[in-house]
Amino acid sequence: MPVPTTCWECSTRCGALATLEDGAVAKVGPNPDHPGSKGAFCVKGIRGMRELTDHPNRLVRPMRRRGERGAGAWEEIGWDAALDTVADRLLEVREAHGPLSLIGAVSSAFFSRGAMVALLMRALGSPNWLMNQDLCGGCRALSDKLTGLSAIGGEDIDNTRCALIVGRNPSAADAVQWQALKRARANGARTVVIDPARTPAAKNADLWLRPRPGTDAAVALGMVNVTIAERLHDADFVARWCHGFDALKERAARYTPAEASGLSGVPADDIVQAARMYADGPSTFVSGHGIDAFSAGVQTFRAFHALVAISGNLDRAGGNLRVKRPKGFRNYIELLHDPAFRLPPETEARTIGRERFPLWAGPEGWQTACHNPTAIEAILTGEPYPVRAMYLSGVNIAVTYPDTRKTVAALRSLDFLSVVSHSMTPTAALADIVLPKTTGLEEEEISLDMSGPCVSYTRPVVAARGMARSDFEIATDLADRLEARGIAARKFLPWRTKREFNAFLLGDNGISFDELEEKGYARFPYELGNFEAAGFRTPTGKIELRSETLARLGLDPLPDFVPPRAERAAPAVRRDYPLILLTGAREKAYHHSRYRDHGWARKVSPYPRLQVHPETAAALDLAADDWVEVETPDADGACALRVSVTEDTAPGVVRTGMGWWLPEAPGPDFGAFSVNINAAMSYGGPWDPVTGSADTRGLLCRVRPLPAGTPPPIA
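Residues numbered from 1 in each chain as written. Predicted model: local features only at pLDDT ≥ 70, side-chain atom pairs only at ≥ 80, totals over all residues. Heavy atoms only, no water.

**Considerations on the environment of Ile-352**
Using the following cut-off: Secondary structure is summarised from DSSP: a helix means a run of H or I of at least four residues, a strand means a run of E of at least two, and numbering begins at the N terminus for each. To sort residues, take the accessible area from a 1.4 Å probe on protein chains only and compare it with the maximum for the residue type: under 20% means buried, over 50% means exposed, and anything in between is partly exposed.
Examined against the element boundaries, Ile-352 turns out to sit in the loop between helix H15 (345-348) and helix H16 (372-381). With relative accessibility at 1%, the residue Ile-352 sits in the buried group. As for Ile-352 and Ile-376, which are separated by 24 residues in sequence, their C-alpha atoms are 9.9 Å apart.

Have a look at this one:
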């Protein structure tokens, strides 16, 4: 009999059914009854979750490094020895350099592992931890917060008349969105796609706008211009709930369709048509990484979020739904802002990056994390203060951060590195201690599904394999050891069991674990458009088209267009690097750097690809499956990729994914210096003035063919 659970191999978190045979998971598939995912599922849930659990090379025992760091020599040890070593080494560094010399690293606070890493650092007296969201989702989240929408991911696609899809490839990135878009189109909804790449969504769109990379803000402001000029906006909603409309109107007046066309390359008539189609709602805005990975990402999102607001498509059926939750429910980000688990203000104020990016790093920050590039620099230089030990879980920063060589150099230079991982990744290979962690089939999680809306439940379907433990167990066991060594750590991690922790998050709202275990989810009542009761978490208490928070910090309070970095480059640089590089192209078989060591995924996609338009391929004398080297002007390294000739990318624009490493290559790098696009990119500025995000798309590049018959360079 299948048991309901939730797949959390990515942030979509689809409802799942797991079938057991002889105590093992024989099959994982979709749960058609789940109100959020509605039966949608992807191959990562079908294959990845189960095979991650049962992978023959999975780490299932703690290991300690023998010999030089990265030499690949390990000895298995017990949990007591491993945790004692981690506690003692972290405290040694703390004693020598102070609490701020300790830093954590994790993907984000979206899952429990993020909260555990951040709280463990706080237990040691450090506010410092790294996360990947400056590279994916951070600009979107900060724009949403500044504008006051509270609607990230809350699209009501099933009931929409028009879906505006910008920089998003839901066919590969989000099975729930993709299936909902198919249903909506079958019911007569139209789609407008804004994307330089011809994604499956673009191929099926009623209107496809193909801007030059990094110019989406011009298109958005052109649409705002048309919406206001033709009085297509919701005047009553704007008057009652929006702040700064006149200022936005004045700013958008600069961006006539003709002006926006000249800045973006999109025909003016298409911008007008897109605005009119979107205004004929209800309409929903579906956004993605494509407009998030630029140093002007926040303002670009602010332009689109302003369009959502003035059109009246917020929290209405068929629009973008605001986040709803049962009474008392807490998510992990709210947990980190809870005064009960905070460090003293003077300590939080010293979070790395806080002075320059206070809405990202430190006490006012979205998730309170560091500014990653500044933290990497601190590890290498000791400025603004020494950072000498790291506790890292569930993230492969040697591969996922730009400037791979610099990141690896920083990891190698640490006095101590502990990594919690499922497998021996390029990051784990540099650790002093590696701790084995549980998978999504072995531990309990609860999460809020905004598209349900419902609370989703992940159950421990099988017992943990070998000696693997959850992030919660590892962090709380370390807290006990810190207490025994005189550190008041349990204040930050007071829960004794994972169930107790999840009950704390769930709150007292009538939802029981019995119901969650029976269904895999629990619905709760909600009301659309309850703005009077729910309010807006902004200084004015309204949706801020003009952000008073940005004005207070001396930043532009209105959305605007900033020319992309590639278009601002000197002519000599453009001659040497004549192509535009798009990164972050999604593949169904992979999630960031995960599953590169899985046979099923490598069979689907054995090597990293570079999409090249036929005209560009002909000009460079390239053919399908040729190996090429890609370089960008601000990085020391290069990346080897295999050519795919396709019209899905524009002439002069090449496109690839991220997260590649090759487990069959020699360690500790496993090909991370050669087939990983981050090895060919800088993590330096310019940075987004709000999030500190670096440009990781729309970069100038050059492509050089490698000699025929050359295998991929993996040294």
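Having seen it, we continue.
**A closer look at unusual backbone geometry**
Residues Glu-383 and Pro-384 are joined by a peptide bond in cis, for which omega reads 5°. With an omega of -20°, the peptide bond running from Gly-452 to Pro-453 counts as cis. Inspection of the secondary structure assignment puts Pro-453 in the loop between strand E16 (445-449) and strand E17 (454-458). In this structure, Asp-625 takes a positive phi of about 75° despite not being glycine. A residue is classified by how much of its surface remains accessible, and Asp-625, at 36% relative accessible area, is partly exposed.

**Some thoughts on the packing of aromatic side chains**
The condition is simple: The aromatic pairing rule takes the rings of Phe, Tyr and Trp, using the six-membered ring of Trp, and pairs them if the centres are within 6.5 Å, calling planes under 30 degrees apart stacked, those over 60 edge-to-face and the rest tilted. For a lysine, the NZ atom is tested; for an arginine, the CZ atom; a charge sits over a ring if that atom is within 6 Å of the ring centre and within 35 degrees of the ring normal.
Applying the stated criterion to the full structure yields 22 aromatic pairs. With 5.8 Å between their ring centres and 55° between their planes, Trp-241 and Phe-536 make a pair best called tilted. Linking Trp-241 in helix H9 (residues 235-241) with Phe-536 in the loop between helix H22 (531-534) and strand E19 (543-544), this pair joins segments that are 295 residues apart in sequence. By relative accessible area, Trp-241 is classed as buried at 13%. Put simply, the rings of Tyr-332, Phe-341, Phe-472, Trp-495, Phe-501 and Phe-504 pair up and form one aromatic cluster. The aromatic ring of Phe-513 is capped on one face by Arg-499, whose charged end is 4.0 Å from the ring centroid. Its end group placed over the ring of Trp-660, Arg-596 keeps NZ or CZ at 4.5 Å from the ring centre.

**Regarding the sheet that holds strand E14 (residues 416-421)**
Threshold: In this scheme, strands are said to pair when DSSP sees at least two bridges between them. Every residue pair with non-hydrogen atoms within 4.5 Å of one another is taken to be in contact. To obtain each axis, a line is fitted to C-alpha atoms, and for helices this fit is confined to the stretch in contact; angles are then taken between N-to-C directions over 0 to 180 degrees.
Pairing within the open sheet is mixed, and its seven strands lie in the order E5-E4-E15-E14-E13-E6-E7. Edge positions in the sheet fall to strand E5 (74-76) and strand E7 (129-130), since each has one partner strand and no second. Judged from the three bridges that link them, strand E4 (residues 63-65) and E5 form a sheet pairing that is antiparallel. Looking at the pairing, Arg-65 lines up with Trp-74 of E5. Seen against the sheet, helix H2 (residues 79-97) touches E4, strand E6 (102-105), strand E13 (389-393), E14 and strand E15 (433-436) and runs at an angle of roughly 135° to E15.

**Structural notes on empty space enclosed by the protein**
Summary: where empty space remains is shown by rolling a probe the size of a single water molecule over the atoms. Just so we agree on the cut-off: Using only the protein atoms, space was sampled on a 1 Å grid; points where a 1.4 Å probe fits but cannot get out form cavities, open sets with protein on both sides within 12 Å along at least five of seven lines form pockets, and lining residues are those with an atom within 4 Å of a point. Grid points are joined across faces, edges and corners, and a volume is the space filled by probe spheres set on the points. Residues are grouped as follows: Ala, Val, Leu, Ile, Met, Phe, Trp, Tyr, Cys and Pro are nonpolar; Asp, Glu, Lys and Arg are charged; every other residue, Gly included, is polar.
Under the definition given, this model contains seven cavities of 30 Å³ or more. Roughly 150 Å³ of internal volume is contained in the largest cavity. In terms of residue class, the lining of the largest cavity is made up of three nonpolar, seven polar and five charged. Each pocket or cavity is described by its volume, and for the second largest cavity that value is around 90 Å³. Lining the second largest cavity are Ala-585, Arg-586, Glu-587, Tyr-590, His-592, Arg-596, Gly-657, Met-658 and Trp-660. Classifying every residue of the lining of the second largest cavity gives four nonpolar, two polar and three charged.

**So, the pairing of strand E20 (residues 579-582)**
Neither face of E20 is left uncovered, since the one carrying Leu-579 and Leu-581 and the one carrying Ile-580 and Leu-582 both have all their residues buried. Of the pairings in the sheet, the one linking E20 to strand E25 (residues 699-705) comprises three bridges and is antiparallel in character. Its bridge partner lying in E25, Leu-581 is registered against Leu-699.

**Things to note about the pattern of salt bridges**
Heads up, the rule is: Every case where a carboxyl oxygen of Asp or Glu lies within 4 Å of a side-chain nitrogen of Lys or Arg is listed as a salt bridge.
Counted according to the given criterion, the structure contains 48 salt bridges. Here Asp-174 makes a salt bridge to Arg-168, at a shortest N to O gap of 3.2 Å. Across the pair Lys-406 and Glu-377 runs a salt bridge whose closest N-O atoms are separated by 2.5 Å. Pair noted here: Lys-406 is in helix H18 (residues 404-413) and Glu-377 is in helix H16, with a separation of 29 residues, a long-range link.

**Quick word on the packing of helix H4 (residues 138-147) against helix H13 (residues 297-310)**
Which entries qualify depends on this criterion: Here the angle decides the label: under 35 degrees means roughly parallel, over 145 means roughly antiparallel, 65 to 115 means roughly perpendicular, and every other value means oblique. For any pair of crossing helices, the crossing counts as left-handed if the nearer helix is rotated counterclockwise from the farther one by less than a right angle, and right-handed if it is rotated clockwise.
At a minimum axis distance of 8 Å, the contact between H4 and H13 shows a crossing angle of 50°. In terms of orientation, H4 lies oblique with respect to H13. Here the hand of the crossing between H4 and H13 comes out right-handed. Residue-level contacts link Cys-139, Arg-140, Leu-142, Ser-143, Asp-144, Leu-146 and Thr-147 of H4 to Gly-297, Val-298, Phe-301, Arg-302 and His-305 of H13. A breakdown of the residues in the contact of H4 with H13 according to their chemical character gives five nonpolar, four polar and three charged.

**What to know about the packing of helix H3 (residues 112-123) against helix H19 (residues 471-484)**
Two elements in contact, H3 and H19, have axes separated by 9 Å at closest approach and are oriented at 15°. The angle between H3 and H19 falls in the class roughly parallel. Along this stretch, H3 crosses H19, giving a crossing that reads as left-handed. In this structure, H3 contributes Arg-113, Met-116 and Leu-120 to the contact, and H19 contributes Asp-471, Phe-472, Ala-475, Leu-478 and Leu-482. Grouping the amino acids of the contact of H3 with H19 by side-chain chemistry returns six nonpolar, no polar and two charged.

**Here's the deal with the side chain of Arg-596**
Here is the rule: Here the positive residues are Lys and Arg and the negative ones are Asp and Glu; neither His nor the chain ends is included. Here a polar contact is taken to be a pair of N or O atoms separated by no more than 3.5 Å, where protein atoms must pair a possible hydrogen donor with a possible acceptor and residues adjacent in sequence count only if both atoms sit in side chains.
Residue placement: Arg-596 occurs in the loop between E20 and helix H26 (599-604). Buried Arg-596, no salt bridge; nearest opposite-charge side chain is Glu-587, N-O distance 4.4 Å. In terms of polar contacts, Arg-596 uses its side chain to reach the backbone carbonyl oxygen of Gly-659, at 3.3 Å.

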